[in-house]
Amino acid sequence: MEHRRPDPDELLARVQAEEARRSQGKLKVFFGAAPGVGKTYTMLEAARARKAEGIDIIVGWVETHGRQETEALLEGLEGLPRRQLSYRGTRLEEFDLDLALERRPTLIVVDELAHTNAPGSRHTKRYRDVEELLAAGIDVYTTLNVQHLETLNDVVAQVTGVTVRETIPDAVLDRADEIELVDLPAEELRKRLAEGKVYMPEVAGRAAENFFREGNLIALRELALRRTAERVDAQMQRYRREHAVRETWPTAERVLVCVGPSPYAVRLIRAARRMAARLQAEWLVVYVETPAQLHLAEADREQLESTLRLAEQLGAETVTLTGSNEVEEVLAYARRRNVTKLVVGKPAESRWRELLHGSFVDRLVRGSGEIDVYVITGAAGDEEPRQPTASKVRSRWPAYGFAVLIVGLCTLLAALLGPRLTLANLVMVYLVGVVVVALRSGRGPAALSSVLSVAAFDFFFVPPRLTFAVADTQYVLTFVVMLAVALVISGLTARVRDQVEAARARERRTAALYAVSRACASAAETYEVVRVAGRHLAEVFECQVAIFLPHRDGKLTAAFFGNAPFASDPKEASVAQWAFDHGEKAGFGTATLPGSGAIYVPLKVARGPVGVVGVKPGGQGHLDSEQLHLLDAFANQIALAVERTNLAAEAQAAELQVESERMRSALLASVSHDLRTPLAAIAGSSSTLLRGGENLSDEARRELLESINEQAGRLNRFIANLLDMTRLDAGAITVRKEWQPVEEVVGAAIGQLEERLAGREVRARIPESLPLVPLDTTLIGQALVNLLENAVKYTPAGSPIDVAARVEGDSVVIEVADRGPGLAAGEEVRVFDRFHRLPSETGQPGAGLGLAICKAIAAAHGGNITAANRPGGGSVFSLRLPLGGPAPELQPEGRADS
């Protein structure tokens, strides 16, 4: 056995897949060929064995079909009450998904995986219920018959003659963690049927003659065995990859199937899925939209959308290409994606059409080169091709009528110009008419105008006139050339017209994506992103749009719902919440909660969903496949924009957190110093007084008491500053402005610091003409006290302090100036930062909060404060307060209002 070093990329992919599956529940499927082989019985036996091991297990849903031995196995197992539903006056019972999620067992038994839920249930199919249970981390046991697999649906119908309506995508079975085949020979199964162990006697007889014929059971058993063998083979291949048993360098198989708006496309999808499963290959479904197919009939477009949705459900990657040549587009894309096998349908066009336009299959085979081409056709009994509807046929008659009219006008014009022009020039008149028809109405009317132009030219202008007879045989060549040139010109003109329309359609899509990308990129806030994105979506899709964003608890709220009243509907909000919680589409047109009036698309990024966009279709009632792909593209752009703003907000929050930590560290350092210093002085002085106060002189005791008083005052001011700064930051201080004279506020501040200003000359220059100023006396007084204290602390003893006020524009400026050392370069701004301190002249620097409080008080008044160096030495602090309008006039004392 050859071993090799594992591929790191494979290891990483495997680790990521295991990580994703670790949080989900485990799915075990008991797989069988037909009803009655014992799937439910075997499942219940396994459930009882797990219960004996001490596992918390409940029975969510089991259908016993009246079989006593099956009912006996339910004894001792906890059962989940069934949900009661009313539909058209009938009481129905269904599996209660919400109750199961609330109960949250370790393992739950849910029978009949392919069951279709009753209307009113959250999901249309039971397998969607099971997927939600798995996503919640709950293990599931379930049962499935082979005829319910989507890709085998047509095969089962061909073998048994019975079309099974309840099917599930093969991907559901593929994601199962374990599959246990419950097998029973056909003879034994028919014996059980005859004994009444499968169905009731009145039903068993009919079943034995139809579905349970021996040949049918043998074929179904083979299908089940093959499907199980494919699963075992996949497990073996995975084991070899994980253990690097042998080299796997050859290029992987990749299957591409070409589809169109044909009912036979469903058969191609199923065949390609089976081929891809056998080859363990990736598979793609491609539709080429040529200019001629831009205006498909509504029925054709619905058929195409249904085909593409089926392909996506079966696990394919669907792609819509645009171009004028289908074969070139398919082959170019196939080579770009390294496709090894092409699957196409057998051509259904008539032979003359193939001779005229060429066969798509023939051209594909000739150009395929190294790519294998598989041609598959529908079988007898498949859906009949739809015939064009009467409305579509009638809608083309005006175009052909226009072609006849143009030929008539050209004939009239040629008759007027006939005496002056030669016959060769009259041909040009008809060719111009053909171009006009081709530009206006397309290929069919243009071809008709070409034929009618030749006929009119022959009848009215070629001798003998007013007859189709030709006197000179050379005109036969003229007619042939004229018809050929007219057909070529009409075809080329119509092609150019279609290409122009296709280019316009692409330009509209590109412009819409560019517009929403540019608008979202310029938005700085999340709610601004959803507002501009919602407006663009509503304009592009001409429908109601709502965008939901999550709170911290994961609950969604409508962040944008412009013209969308459905966003306030609790039922619609619950659908949006489901799409957000599960990261999948939900609502109208999907398999989950299809009764909703809108489709909900999660806004997904690498970290998970960041929101949900809800779209309620407008006039046409639904979104076609092109619009759905465009909606997905919009959702990706919006998700990236929302994620960008979220990351920016997180970065800002992180920056604030870092700044907060820095401030906290600075605060702790400052508090530890500024509290410890005065407390140490107070403790030392008081202890001296307590130990030997009677031996000290009166002067020594007085000095100690003054020291205690001074340090207590310092401590009190420090704590007051801390409290003021905290209240200002929290917005707990309300500014109560009143019209006050500045000289009174300045005088009060100077009087408050009379002791600290002793020995200094304080010169106040307040003009008598200074108007009243709207201010909070307490706060501005505190700011002036802090400025004066700052001047005392950072200037030499005995140096003067100047206080002045003046009017500048619509503000009053109060200045506190000193003759200290001044400010170093760059300190003019930093001096207002919290905890920023300079060397003090007194040797006792402050806490670095006084000027920060002044800045906060000025900002609360709508003003500001600045610092600058003073000419001649020293610094000056300027507090600017807005006047906010003319001051009221003061009435003289003793004058009463009249």
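Since the structure is predicted, the reported quantities are computational estimates derived from the model, not experimental observations.

## Quick word on the overall build of the chain
Here comes step 1: Along the chain, the regular secondary structure elements total 27 helices and 25 strands.
Here comes step 2: Contacts spanning at least 24 positions in sequence make up 70% of the contacts within the chain whose residues lie at least 6 apart.
Here comes step 3: For the chain, the computed accessible surface area is about 47,000 Å², with 54% contributed by carbon and sulfur atoms.

## Quick word on the sheet that holds strand β3 (residues 78–79)
Here comes step 1: The sheet built from six strands is open, its strands ordered β3-β2-β6-β7-β1-β8 with parallel pairing. In this open sheet, the two strands that pair with only one neighbour each are β3 and β8 (178–182).
Here comes step 2: Its contacts with the sheet put helix α2 (residues 39–52) on β1 (27–32), β2 (57–61), β6 (107–110), β7 (139–145) and β8, and the angle it makes with β7 is roughly 165°.

## Some details on the pattern of salt bridges
Here comes step 1: Here the structure, examined in full by the defined rule, presents 34 salt bridges.
Here comes step 2: As a salt-bridge pair, D154 and R274 come within 3.3 Å of each other at their nearest N and O atoms. Remark: R274 occurs in helix α11 (residues 265–279) and D154 occurs in helix α6 (residues 153–160); sequence separation between them is 120 residues.
Here comes step 3: The class for D154 is buried, based on a relative accessible area of 12%.
Here comes step 4: A salt bridge links K341 to D372; the nearest nitrogen and oxygen atoms lie 3.2 Å apart. Separated by 31 residues along the polypeptide, K341 in strand β12 (residues 341–345) and D372 in strand β13 (residues 372–376) bring together distant segments of the chain.
Here comes step 5: Accessibility expressed as a relative area gives 9% for K341, which makes it buried.

## Concerning unusual backbone geometry
Here comes step 1: Backbone geometry places R104, a non-glycine residue, at a positive phi of 50°.
Here comes step 2: By secondary structure assignment, the location of R104 is in the loop between α4 (97–103) and β6.
Here comes step 3: Here E112, not a glycine, exhibits a phi torsion of approximately 55°, which is positive.
Here comes step 4: For E112, the location among the structural elements is in the loop between β6 and α5 (126–135).

## As for the sheet that holds strand β16 (residues 586–587)
Here comes step 1: The strand order β15-β14-β18-β17-β16 describes an open sheet built from five strands, whose pairing is antiparallel. Taken across any chain shown, the strands that pair with only one partner, and hence form the sheet edges, are β15 (556–560) and β16.
Here comes step 2: In the sheet, strand β17 (residues 599–605) pairs with strand β18 (residues 608–616) via seven bridges, with the strands oriented antiparallel. Paired with K604 across the bridge in β18 is P609.
Here comes step 3: Its contacts with the sheet put helix α20 (residues 526–541) on β14 (544–550), β15 and β18, and the angle it makes with β14 is roughly 160°.
Here comes step 4: Here helix α21 (residues 570–582) sits on the sheet and contacts β14, β15, β16, β17 and β18; the angle it forms with β18, its principal contact strand, is near 140°.

## Let's talk about the packing of aromatic side chains
Here comes step 1: Following the criterion strictly, the structure yields eight aromatic pairs and no others.
Here comes step 2: Pairing F541 with F634 gives two aromatic rings, centres 5.8 Å apart and planes at 70°, and the pair type is edge-to-face. Of this pair, F541 sits in helix α20 while F634 sits in helix α22 (residues 625–692), placing them 93 residues apart in sequence.
Here comes step 3: Since its relative accessible area comes to 0%, F634 is described here as buried.
Here comes step 4: Following the ring pairs from residue to residue traces out a cluster consisting of Y430, F459, F460 and F461.
Here comes step 5: Taking NZ or CZ as reference, K28 lies 5.5 Å from the ring centre of Y141, over its face.

## Looking at the pairing of β7
Remember that side chains alternate between the two faces of the sheet whenever the strand is regular.
Here comes step 1: For β7, a buried count of seven out of seven residues is recorded, marking the element as mostly surrounded by other parts of the structure.
Here comes step 2: Of the two faces of β7, the one carrying D139, Y141, T143 and N145 and the one carrying V140, T142 and L144 are both buried.
Here comes step 3: As defined by bridge partners, β1 adjoins β7 across six bridges and the pair is classed as parallel. When the sheet's bridge partners are listed, F31 is paired in β7 with L144.
Here comes step 4: Looking at chain direction, β6 and β7 are connected through three bridges and run parallel. What sits directly across from I108, in β7, is V140.
Here comes step 5: On the question of chirality, the crossover connecting β6 to the parallel β7 by way of α5 is right-handed.

## Side note on the packing of helix α25 (residues 777–793) against helix α27 (residues 850–860)
Here comes step 1: Where α25 contacts α27, the axes come no closer than 9 Å and their chain directions differ by 150°. Our classification of the angle between α25 and α27 gives roughly antiparallel. Helix-helix and strand crossings are classified by hand; for α25 and α27 the assignment is left-handed. On the side of α25, the interface is formed by L779, I780, Q782, A783, N786, L787 and N790, while α27 contributes G850, L851, I853, C854 and I857.

## As for the packing of helix α13 (residues 326–336) against helix α15 (residues 360–368)
Here comes step 1: At their nearest, the axes of α13 and α15 sit 10 Å apart, and the two run at 40° to each other. At the point where α13 passes α15, the crossing takes the right-handed sense. Counting all contacts with α13, which are made through E326, V327, V330, L331 and R335, the residues of α15 involved are F360, R363, L364, G367 and S368.
Here comes step 2: Its residues assigned to classes, the contact of α13 with α15 comprises five nonpolar, two polar and three charged.

## Remarks on the pairing of strand β24 (residues 864–869)
Here comes step 1: Pairing analysis gives six bridges linking β24 to strand β25 (residues 875–882), with the strands arranged antiparallel. Looking across to β25, one finds that T866 is bridged to S878.
Here comes step 2: Connecting β24 to the next strand, β25, in antiparallel fashion are five residues, including G872 with a positive phi near 90°.

Definitions and cut-offs
- Residues numbered from 1 in each chain as written.
- Predicted model: local features only at pLDDT ≥ 70, side-chain atom pairs only at ≥ 80, totals over all residues.
- Heavy atoms only, no water.
- Helix = DSSP H or I, 4+ residues; strand = E, 2+ residues; numbered from the N terminus.
- Contact = heavy atoms within 4.5 Å.
- Areas by Shrake-Rupley, 256 points an atom, 1.4 Å probe, with all protein chains shown as cover.
- Pairing = 2+ DSSP bridges.
- Axes fitted to C-alpha atoms, helices over the stretch in contact; angles between N-to-C directions.
- Salt bridge = Lys/Arg side-chain N within 4 Å of Asp/Glu carboxyl O.
- Buried < 20%, exposed > 50% of the residue type's maximum accessible area, 1.4 Å probe, protein only.
- Phe/Tyr/Trp six-rings, centres within 6.5 Å; stacked < 30°, edge-to-face > 60°.
- Lys NZ or Arg CZ within 6 Å of the ring centre and 35° of its normal.
- Right-handed = clockwise from strand over helix to strand, strands pointing away.
- Parallel < 35°, antiparallel > 145°, perpendicular 65-115°, else oblique.
- Left-handed = near helix turned anticlockwise from the far one by under 90°.
- Nonpolar A, V, L, I, M, F, W, Y, C, P; charged D, E, K, R; others polar.

These results come straight from atomic positions and should not be treated as a statement about function.
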